[in-house]
Amino acid sequence: MQPQGDIALIGLAVMGQNLILNMNDHGFTVVAYNRTVSKVDDFLANEAKGTRVVGAHSIPELVAALKKPRRVMLMVKAGAPVDEFIDQLLPHLEAGDIVIDGGNSLFTDTNRRVASLAARGIHFIGTGVSGGEEGARRGPSIMPGGSSAAWPHVKPIFQGIAAKVEGGAPCCDWVGEGGAGHYVKMIHNGIEYGDMQLIGEAYHLMRDALGMTADEMHAVFSAWNEGELDSFLVEITRDILKFKDTDGQPLVDKILDTAGQKGTGKWTVVNAAELAQPVTLIAEAVFSRCVSAMKEERVKAARKLKGPRPAIRGDRAKFVEDIRYALYASKIVSYAQGYMLLRAAAAEYRWNLNYGGIALMWRGGCIIRSRFLIRIKEAYDGNPKLANLLLDDYFRGEIKKCQKGWRNVVSMAAKKGIPVPAFSTALSFFDGYRTARLPANLLQAQRDYFGAHTYERIDQPRGQFFHTNWTGHGGRVSSSTYNA
Ligand code: 6PG
């Protein structure tokens, strides 16, 4: 009998299982395999019962069940397990076969894997898959990159199972060479960290400055989800605030305030530093999770370090509206920063990224899906070379509407001692970006004073460097100019 399998999937945790069932729904025959083989039979007897999913109990059996070119997708933990499975697969694959990694792998690992498999004639795709359990089952956002020769062979499967938005457009398209797909997923996750932090700050202000109950905040998030902030994360926040524990009290109030993280936000920030891009909001979001994790220390510090009382008097409804402005404007800044990093990465790693296309891929299925993303797509469709989203006419107008409320929230939070690191870094970035003359002239003078690092002058062409003997006893020799 001819092999029937269209694609194999290794890793039967919840994401893997749901992707298999989704592929099955779209008419593909999937071969399922798992390191702990008993899980394969368990899956076939339960979740996959009555489907055309084929179980494999070994790698050779999995490979033998596949049509050529063989397509094998890994949904295993990022890091060493990906390399281990690749090593197990390689002896059984032949030139032209395709290995796909659908985990949250570091893009530099994907670069390495694409190159090392290419040397053996095997195509490698590193793809972001976003949307959690539900997305995997009903339609995730899929961000594939790597060996472009493999794309036509996986396109019908990936675009078939991906979420669809306006006009049936799939939230999946080819991102680029090497680790580009995983890179775009990393930026997605960084932006996800930023969005979550912004929502957290809005919640914190409503809870502590305005003394609002979970039910009252539920109503606010419900209303917000009807406007520009309409998004998956605002929607689930609305539902979380309504959710009651077994004793009838809001469950959210009983959850310990210490956040976990698996590393994709941190990777974004490390990469931003490497590419000299001021992605300050995601950085604050990552560090805010770190501050939250210092729970015991914070509890002790709270007894010793006193600040102002948080309560705000005055027009509550107006302040809630100002918080909405702060959240919306900060979100625009966060996406502008994320896209700055994408542009820098495209230049550095020689990827031809389609910025509007990326916004469309995030428009549905994924964790950051939102109404807002269509505006980003429109901005880049209108001007693919747009230097910064903040300069787009639509976003410029939106920020203008928000500015007063945003500034009020940041200053009130400072006065009342409520931390709003993401709201305030967004505002500082916005003010820095629109300031023609920053104080870096003084900084350059300091560098030249203590280390002869030289400076450029406003009255001389760019690229000419000067050194001054500031103290009268310094030497004439300056240090060489270079930028890290
Ligand atoms: C997604 C998510 C997912 C990620 C979680 C947890 O797109 O479906 O980004 O890939 O693993 O959000 O991330 P943290 O544990 O780092 O918060």
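As a reminder, the structure under discussion sits directly above these lines.
Just so it is clear, the structure is predicted and the values come from calculations on it, not from any experiment.

**Some points on the side chain of R71**
Line of reasoning, step 1. Following the sequence through the fold, R71 ends up in strand β4 (residues 71-74).
Line of reasoning, step 2. At a separation of 2.5 Å, a polar atom in the side chain of R71 contacts the main-chain carbonyl oxygen of H153.
Line of reasoning, step 3. Ignoring anything within four residues of it in the chain, the contact list for R71 reads D6, I7, A8, L66, I98, H153, V154 and I157.

**What to know about the nonpolar core**
Line of reasoning, step 1. Ranked by internal contacts, the top residues of the largest apolar core, which has 92 residues, are W224 and W362.
Line of reasoning, step 2. Sort the elements by how many residues they give to this core and helix α14 (residues 316-349) lands first, with 18 residues.
Line of reasoning, step 3. Among residues more than four places away in sequence, those in contact with W224 are A202, M206, L229, D230, V234, V320, I323, R324 and L327.
Line of reasoning, step 4. Counting 31 residues, the second largest nonpolar core, distinct from the first, contains L21, I125, V154 and I161.

**With respect to the packing of helix α8 (residues 180-209) against helix α9 (residues 214-224)**
Line of reasoning, step 1. α9 packs onto α8 with a crossing angle of 140 degrees between their chain directions and a minimal axis gap of 11 Å. Relative to α9, α8 is oriented oblique. Handedness of the crossing formed by α8 with α9: right-handed. The segment α8 lies against α9, with I199, A202, Y203, M206 and R207 engaging M217, V220, F221 and W224.
Line of reasoning, step 2. Its residues placed into classes, the contact of α8 with α9 shows eight nonpolar, no polar and one charged.

**Structural notes on the side chain of E192**
Line of reasoning, step 1. Its place among the elements puts E192 in helix α8.
Line of reasoning, step 2. No salt bridge is formed by the buried E192; the nearest opposite charge belongs to R289, separated by 5.3 Å.
Line of reasoning, step 3. With sequence-adjacent residues up to four places away left out, E192 is seen in contact with L233, I367 and I368.

**Let's talk about the site of the ligand**
Line of reasoning, step 1. Taken together, the neighbourhood of the ligand is formed by 13 residues, with N104, S130, K185, E192 and Y193 sitting nearest.
Line of reasoning, step 2. One of the backbone N or O atoms of G131 is found 3.0 Å from an oxygen atom in the ligand.
Line of reasoning, step 3. Compared with its free state, where it exposes 420 Å², the ligand has 79% of that area covered by protein.
Line of reasoning, step 4. Broken down by element, the shell around the ligand gets its largest block of residues, five residues, from α8.
Line of reasoning, step 5. Its residues assigned to classes, the shell around the ligand comprises two nonpolar, seven polar and four charged.

**Examining the environment of A64**
Line of reasoning, step 1. One can find A64 in helix α3 (residues 59-64).
Line of reasoning, step 2. The spacing of A64 and T127 is 63 residues in sequence and 24 Å in space, taken between C-alpha atoms.

**What to know about a nonpolar patch on the surface**
Line of reasoning, step 1. Together, F243, L251 and I255 make up an exposed nonpolar region whose accessible area comes to about 290 Å².
Line of reasoning, step 2. Its place among the elements puts L251 in the loop between α10 (232-242) and α11 (264-274).

**So, helix α15 (residues 355-363)**
Line of reasoning, step 1. Counting buried residues along α15, nine of its nine residues qualify, which places the element largely inside the surrounding structure.
Line of reasoning, step 2. For α15, the set of buried residues is Y355, G356, G357, I358, A359, L360, M361, W362 and R363.
Line of reasoning, step 3. Packed against the buried residues of α15 are β7 (141-146), β8 (164-165), β9 (169-170), α8, α14 and α16 (373-382).
Line of reasoning, step 4. Capping of α15 at its N-terminal end is provided by N354; its side-chain oxygen lies 3.3 Å from the backbone amide nitrogen of G356.
Line of reasoning, step 5. Note on α15: the residue one or two positions beyond its end, G365, has a positive phi of about 80 degrees.

**Some points on unusual backbone geometry**
Line of reasoning, step 1. Of note, the amide linkage connecting K68 to P69 takes the cis form, showing an omega dihedral of -5 degrees.
Line of reasoning, step 2. Within the element layout of this structure, P69 appears in the loop between α3 and β4.
Line of reasoning, step 3. One non-glycine residue with positive phi stands out, namely R350, at about 60 degrees.
Line of reasoning, step 4. Structurally, R350 is set in the loop between α14 and α15.

**Let's talk about the packing of aromatic side chains**
Line of reasoning, step 1. Applying the stated rule across the entire model yields 21 aromatic pairs.
Line of reasoning, step 2. Taking 6.3 Å as the distance between ring centres and 75 degrees as the angle between the ring planes, the aromatic pair formed by Y328 and F372 counts as edge-to-face. Remark: F372 occurs in the loop between α15 and α16 and Y328 occurs in helix α14; sequence separation between them is 44 residues.
Line of reasoning, step 3. Look at Y349 and W351: their rings are 4.9 Å apart centre to centre, the planes differ by 50 degrees, and that puts the pair in the tilted class.
Line of reasoning, step 4. Look at W351 and you get buried, because its relative accessible area is 8%.
Line of reasoning, step 5. Between R324 and the ring centre of Y325, over which it is positioned, the NZ or CZ distance is 5.2 Å.
Line of reasoning, step 6. Of note, R375 hangs over the ring of Y394, and the distance from its end group to the ring centre comes to 4.1 Å.

**Concerning the pairing of strand β6 (residues 123-130)**
Line of reasoning, step 1. Burial runs high along β6: eight of the eight residues are buried.
Line of reasoning, step 2. Residues H123, I125, T127 and V129 of β6 are buried on one face, and the alternating residues F124, G126, G128 and S130, pointing to the opposite face, are buried as well.
Line of reasoning, step 3. Once you follow strand β5 (residues 98-101) into helix α5 (residues 107-118) and on to β6, the crossover reads as right-handed.
Line of reasoning, step 4. Pairing analysis gives six bridges linking β6 to β7, with the strands arranged antiparallel.

**Re the environment of I374**
Line of reasoning, step 1. Within the secondary structure, I374 sits in helix α16.
Line of reasoning, step 2. Between the alpha carbons of I374 and R363 there is a distance of 6.7 Å; along the sequence they are 11 residues apart.

**Comments concerning the sheet that holds strand β10 (residues 176-177)**
Line of reasoning, step 1. Read across the open sheet, the eight strands follow the order β3-β2-β1-β4-β5-β6-β7-β10; overall the sheet is mixed. With one partner strand each, in any of the chains shown, β3 (54-55) and β10 form the two edges of the open sheet.
Line of reasoning, step 2. Examined bridge by bridge, β7 and β10 share two bridges and lie parallel to one another. When the bridges of β10 are listed, G146 appears paired with E177.
Line of reasoning, step 3. Strands β5, β6, β7 and β10 of the sheet are contacted by α8, whose axis makes an angle of about 15 degrees with β6.

Quick notes on the rules
Throughout this document, residue positions are counted from 1 along each chain, in the order its sequence is written. With the structure being a predicted model, the display of local features is reserved for residues of pLDDT at least 70 and the display and counting of side-chain atom pairs for 80 or more, all residues being used for whole-chain, interface and lining totals. The side-chain values count all of the structure's non-hydrogen atoms but skip hydrogen atoms and water molecules. Under the scheme used here, helices are H or I runs from DSSP no shorter than 4 residues and strands are E runs no shorter than 2 residues, and both carry numbers assigned from the N terminus. Here a polar contact is taken to be a pair of N or O atoms separated by no more than 3.5 Å, where protein atoms must pair a possible hydrogen donor with a possible acceptor and residues adjacent in sequence count only if both atoms sit in side chains. The contact definition used throughout considers only heavy atoms, calling two residues in contact when any of these lie within 4.5 Å. Buried Ala, Val, Leu, Ile, Met, Phe, Trp, Tyr and Cys residues that are joined via side-chain atoms within 4.5 Å together make up what is termed a nonpolar core. A 1.4 Å probe rolled over the protein chains alone gives each residue an accessible area, and that area as a share of the maximum for its type sets the label: buried under 20%, exposed over 50%, partly exposed in between. An axis is simply a line fitted to the C-alpha atoms; with a helix, the fit covers only the stretch in contact. Between two such axes, the angle follows the N-to-C directions and lies from 0 to 180 degrees. Small angles under 35 degrees read as roughly parallel and large ones over 145 as roughly antiparallel, with 65 to 115 read as roughly perpendicular and the rest as oblique. Helix crossings fall into two classes, left-handed where the near helix is turned counterclockwise from the far one by less than a right angle and right-handed where it is turned clockwise. Residue type decides the class: Asp, Glu, Lys and Arg count as charged, Ala, Val, Leu, Ile, Met, Phe, Trp, Tyr, Cys and Pro as nonpolar, and the leftover types, Gly among them, as polar. Note that His is not counted, nor are the chain ends; the positive residues are Lys and Arg, and the negative ones are Asp and Glu. Put simply, a salt bridge is a Lys or Arg side-chain nitrogen that is within 4 Å of an Asp or Glu carboxyl oxygen. Think of it this way: one heavy atom of a residue within 4 Å of a molecule or strand is enough to make that residue near it. For accessible areas, the Shrake-Rupley method is used with a probe of radius 1.4 Å. Any residue's cover is judged against the shown protein chains and nothing else. Each patch is assembled from residues with relative accessible area greater than 30% and no salt bridge, linking like charges that lie within 9 Å and nonpolar side chains (Val, Leu, Ile, Met, Phe, Trp, Tyr) that lie within 5 Å. Ring pairs shown here join Phe, Tyr and Trp side chains whose ring centres sit within 6.5 Å, with only the six-membered ring taken for Trp; geometry is labelled stacked below 30 degrees between planes, edge-to-face above 60, and tilted in between. Cation placement over rings: the criterion is NZ of Lys or CZ of Arg within 6 Å of the ring centroid and within 35° of the ring normal. Every crossover in which the path from the first strand over the helix to the second runs clockwise, viewed with the strands pointing away from the viewer, is termed right-handed. Strands are treated as partners if at least two bridges between them are detected by DSSP.

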